[in-house]
Amino acid sequence: MNHNLKDILRKFRNKKLLTHLFTVMAAFSGILMAVVSMVVNHQTTATFLKNNNLIYTNTLEVSIKTLDTLFSGFHNSLTHITYDASIVDSVVTPKPLDSVANYQVWSVLNGYCQETEGMEEIYLYIRKTNQMLTSTYEKCSLDFFRERDLVDRHFASRPSTVLLKSGRSTSIEIYKGRVYMVRDFPLNGEKGLGTLFMKMKSSVLSDALEAAQTSYSHLLAYDNNFNPLFPGMLDYGRVPEGLIDLIPEYIKEGKNTIYSDNQHYYFCQSDQTGINLVLLVDDTAFMPSTRMVFMNSLPYFALILILSSLLSVCVLYLSYMPVQKLKKMISLEENSGNNADSKNEWDYLTESFLKISNHKYQLDYILSNMIPKISKEFYFDLLNGKPMDLPYIKSILTNIGSPLNTEDPCKVITVTFLDFVDPISKNHFTDSLKQILKRNSDGICRYVLQQIDESLYAVIIQFIADLGYSKITDFEIKLEQAFFQSNDDRSNGVLLEIGPKCSSIQNVSFSYQESLERLARQKYPSKKTNEKTVRNEEDSVKFNHHFFQLQMKSISELIMKGDTDTALKKALHICHTLPHDGNPEEICRAYEYYRLAFLNTLASYRITEAEEKEYAFLFDPDPYPSQCAENPACMQEYMVPFCTAAVNLLSEKYLKQQHKYLIRAKRFIEESYADPNLSLNLLAEQCKTTTSYLSRLFKESFGINFVDYLNQYRIDKAKDLLMTTSKPVKEIASTTGFNSQQNFIRVFKKHAGVTPGQFKSEKENTE
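What counts, and where the lines are drawn
Residues numbered from 1 in each chain as written. Predicted model: local features only at pLDDT ≥ 70, side-chain atom pairs only at ≥ 80, totals over all residues. Heavy atoms only, no water. pLDDT = per-residue confidence, 0-100. Helix = DSSP H or I, 4+ residues; strand = E, 2+ residues; numbered from the N terminus. Contact = heavy atoms within 4.5 Å. Salt bridge = Lys/Arg side-chain N within 4 Å of Asp/Glu carboxyl O. Buried < 20%, exposed > 50% of the residue type's maximum accessible area, 1.4 Å probe, protein only. Patch = residues over 30% accessible without salt bridge, like charges linked within 9 Å, V, L, I, M, F, W, Y side chains within 5 Å. Areas by Shrake-Rupley, 256 points an atom, 1.4 Å probe, with all protein chains shown as cover. Pairing = 2+ DSSP bridges. Core = buried A, V, L, I, M, F, W, Y, C linked by side-chain atoms within 4.5 Å. Arc of directions from axis to C-beta. Phe/Tyr/Trp six-rings, centres within 6.5 Å; stacked < 30°, edge-to-face > 60°. Lys NZ or Arg CZ within 6 Å of the ring centre and 35° of its normal. Axes fitted to C-alpha atoms, helices over the stretch in contact; angles between N-to-C directions. Expected span 1.5 Å × (residues − 1). Polar contact = N/O pair within 3.5 Å; in protein donor to acceptor, adjacent residues only side chain to side chain. Disulfide = S-S within 2.5 Å. Parallel < 35°, antiparallel > 145°, perpendicular 65-115°, else oblique. Nonpolar A, V, L, I, M, F, W, Y, C, P; charged D, E, K, R; others polar.

Mean pLDDT over the protein stands at 78; residues scoring 70 or higher make up 83%. Element-level mean pLDDT values for the protein span from 53 in helix α1 (residues 3–14) up to 92 in strand β2 (residues 131–134). Note on residues 527–534: pLDDT is under 50 here. Beyond four places in sequence and across chains, it has 4 contacts.

Time to look at the pattern of salt bridges. If you walk through the whole model with that rule in mind, you get 14 salt bridges. As a salt-bridge pair, D89 and K95 come within 2.9 Å of each other at their nearest N and O atoms. On the basis of relative accessible area, K95 is assigned to the partly exposed category, the value being 23%. The residue R518 makes a salt bridge to E514 at a minimum N-O spacing of 3.6 Å. One end of the pair, R518, and the other, E514, are both in helix α14 (residues 508–523), 4 residues apart, so they sit about a helical turn from each other.

Moving on to a nonpolar patch on the surface. Nonpolar side chains collect at one region of the surface, where L303, I306, L307 and L310 lie side by side and expose about 400 Å² of accessible area between them. By the element assignment, I306 lies in helix α8 (residues 290–335).

Side-chain positions along a regular strand alternate between the two faces of the sheet. With 5 of its 5 residues buried, strand β15 (residues 494–498) lies for the most part within the structure. Burial of the side chains of β15 extends over both faces: V494, L496 and I498 are buried on one face and L495 and E497 on the other. Bridging between strand β12 (residues 410–417) and β15 involves 5 bridges; their strand directions are antiparallel. What sits directly across from V415, in β15, is L496.

Let us look at the nonpolar core. Membership of the largest hydrophobic core comes to 64 residues, with the highest contact counts inside it found for F378, F548, I555, Y594 and F598. For this core, the leading source of residues is helix α19 (residues 632–656), giving 11 residues. Judged by nonpolar contacts, the second largest core, of 56 residues, contains L109, M198, L220 and I275.

This paragraph deals with the side chain of S509. Structurally, S509 is set in helix α14. Not counting residues up to four positions away in its chain, the partners in contact with S509 are L382, L383, N384 and G385.

The next thing to look at is helix α3 (residues 85–92). All buried positions along α3 are accounted for by S86, I87, S90 and V91. In an axial view of α3, the angular spread of the buried residues amounts to 130°, which keeps them on one side of the axis.

In total, this model carries 17 aromatic pairs according to the counting rule given. Taking 6.0 Å as the distance between ring centres and 65° as the angle between the ring planes, the aromatic pair formed by Y175 and Y180 counts as edge-to-face. Judged by relative accessible area, which is 6%, Y175 ranks as buried. Consider the rings of Y673 and Y713, whose centres lie 5.5 Å apart with planes at 75°: the pair is edge-to-face. Here Y673, found in the loop between α20 (660–672) and α21 (680–687), pairs with Y713, found in helix α23 (residues 706–724); they are 40 residues apart in sequence, far enough to count as distant. Taken individually, Y673 and Y713 each receive the classification buried, so the pair is uniform in this respect. Ring pairing ties together the aromatic residues Y594, F598, Y624, Y638 and F642, which thus form one cluster. One Lys or Arg, R714, reaches over the ring of F738 and ends 5.8 Å from the middle of that ring.

Turning to the sheet that holds strand β14 (residues 456–463), a few remarks are in order. Spatial strand order, β13-β14-β12-β15: 4 strands in an open sheet with antiparallel pairing. Each having just a single partner strand, β13 (445–453) and β15 make up the two edges of the open sheet. The mean inter-strand angle of the sheet, taken between neighbouring strand axes irrespective of direction, is 15°. The sheet contacts of α14 involve β12, β13, β14 and β15, and relative to β12 the element is tilted by about 30°.

Another point: the sheet that holds strand β9 (residues 257–260). Consider a sheet: its strands pair through backbone hydrogen bonds, and that pairing is either parallel or antiparallel. Pairing within the open sheet is antiparallel, and its 4 strands lie in the order β8-β11-β10-β9. Unpaired on one side and paired on the other, β8 (217–222) and β9 mark the two borders of the sheet. In this sheet, neighbouring strand axes are inclined to one another by 20° on average, regardless of whether the strands run parallel or antiparallel. Inspection of the sheet shows β9 paired to strand β10 (residues 263–269) by 4 bridges, in the antiparallel sense. Of the residues in β10, the one forming a bridge with S260 is Q263.

Attention shifts here to α19. Here α19 contains 25 residues, and its C-alpha end-to-end distance of 35 Å stays within 8% of the 36 Å for a straight helix at 1.5 Å per residue. The distance from a side-chain oxygen at the start of α19 to the backbone nitrogen of A633 is 3.2 Å, and the residue carrying that oxygen is N631.

What follows is about the state of the cysteines. In this structure the tally under the stated criterion is 1 disulfide. There is a disulfide in this structure between C628 and C634, and the S-S distance comes to 1.6 Å. As a non-bridged cysteine, C575 has C643 as the owner of its nearest cysteine sulfur, 4.8 Å distant.

Below, the discussion takes up unusual backbone geometry. Residue F185 is joined to P186 through a cis peptide bond whose omega torsion reads 0°. With respect to the element layout, P186 can be found in the loop between β6 (178–185) and β7 (194–200). Not every positive phi belongs to a glycine, and N130 is a case in point at roughly 55°. Relative to the helices and strands, N130 resides in the loop between β1 (119–126) and β2. Notably, Y137 is not glycine yet its phi reads approximately 60°, a positive angle.

Below, the discussion takes up the environment of T116. Along the chain, T116 turns up in the loop between α4 (102–115) and β1. Note on T116: relative accessible area 16%, which makes it buried. Sequence-wise, T116 and G73 are 43 residues apart; in three dimensions their C-alpha atoms are separated by 9.4 Å. With residues up to four places along the chain from it excluded, the contact list for T116 reads F74 and S77.

Here we come to the packing of α14 against helix α15 (residues 545–560). Between α14 and α15, the least distance of the axes is 11 Å, while the angle of their chain directions is 100°. Relative to α15, the element α14 lies roughly perpendicular. Here F510, Q513, E514 and E517 of α14 lie close against α15, whose contacting residues are H546, F547, L550 and Q551. Broken down by class, the residue content of the contact of α14 with α15 amounts to 3 nonpolar, 3 polar and 2 charged.

As structure tokens, then:
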């Protein structure tokens, strides 16, 4: 065979044509996919903007019609007032200020204010006598009127915004950031004998415009000269300087939109009032997400991959396969005279297997790095009470080679360091703890040391089965003595606590949480009492009221994070892991504590009853048959649906209580509860909504109305002051927003069941 051909084949073999071929095809496909993604992204964005242009144009037209309807209604109200006989009589034949006839005028003005929600106050100016009469039963001459500038300005200059309907005109005036509608009658201008000034409620106008606003759009109103119509209520600073001056020219050209700095400005003018509305829309909010672009590009990607694969097969067949056939022919010719050196398929597979076996150390290295990480995460989840079934725990313990098992009882030791302890001393302490455990654990226990954070360590100790209580106690005493003696004078920087015994490793989080509670009492002792934790002869986890309150705190935190599924799993996990081999009466009592803990948590969310039928059984005064009180299996059967319904109800109520108006309202109450004038009207104005809607939110989310919520918050603050200060009751009533001591005592007794003095005496006797 020609040696030149052999050399060519040898070079061809070293070029790794297959690798190069697939690399080029992959690069070509990637570039093509990137181009397709850019095109799809551009088309998707254009479609979004086109659709939203139509939506917001319609929104602007609806808003201008809504505003026209609103002002038209107020115009009609002013028209009705001017037709009233007592009003007409007062301007045609004016009476003295002290005349009894003025009471009829006041009554008419006040009646229209009460009937029309948008009216805040009405002023009647009588030109002949220069008198002012208001809907609040006030009377004075124009010289002493508090808003005289409004009257003078109305007569000094022609109003820029005028509403004309059925031959009647009403001007719209802006004074000190408030909107007034003004009507001269019986005729307009200098021929008018009287003038009505109607002061409108800011919230009504704000709600009419706010309905069309979103988190990425803002609606602004201008008069017919493009001056801000509601400067005190709307954020006109969002529009760049000079842009508004361009809008009249665009309107003359028949355009209705301007695009500038990634924002669209839609504008529309009312034919009835001359009011101009400008809608700002942030176009960046409509950019398609990566996921949407990917989903739209997916069919094109699939087509590119199919075409690339077909092209690769064709290139492979036309170029690579003939060379492979030629190489095979040369090999057969070279080996025809020496069959002893040829390899069959079995020899080839054996050689490949040996090559793979030589790389075993690489797999061992990967596993040696993965197991510690898996182990650390598993113990962390176990200590923090992540719901896990026993078969799963057993499987993980086996796979990570843990010394622990799932049958024997456990305890948790927690060790923490004070802030002044340096890292070197921390390492010294932990090394000492490891040595002490190693010396004293033979024949007593197995253990695992877990670092929680920089200053907290946890040791899971699992005792040998059937080990007596005395041996466990001796081990704990030796452990504490040896640990602190080995650290001599530096031991004041470290705190150690041993949690109570739990039945199995599945419940080890209970011991861990109790040890943390004891550790916290050491590290942050109470200012009121120096009581110490006293361990009884059987220092085991007690399923009492305190224990379940601690568990409910963890479940509530999961709900507040939005992880309702995990919260439900944890609630059911606690229900299933309560011991069933002890005293039936004690087990049933534990289930009852668990139920009461849920009810207390619901009450903390101000949920004491449920309108929905599926949740009504939670608040049943007789929740289960009397025979269940001594039957753990029956209690568990009841508690499973109870826990499920309670977690779902808590999640629903928490989501409702996160409404933006309620968040603003609660924050404002916390800041202003001491103000005796705090009312639902003031709160609705702060939240920029209506009183009826805000009142309904309070009722639906907290189960009580606004007044009861405010009083309950004030009473809670008053309780804190009664327990922590020596202030008299009268001063506490004033501090917490009550207008009198008698009202404070009445409300306190309604919510607390006792008077403030009795409450303070009971707490002092308890302490």
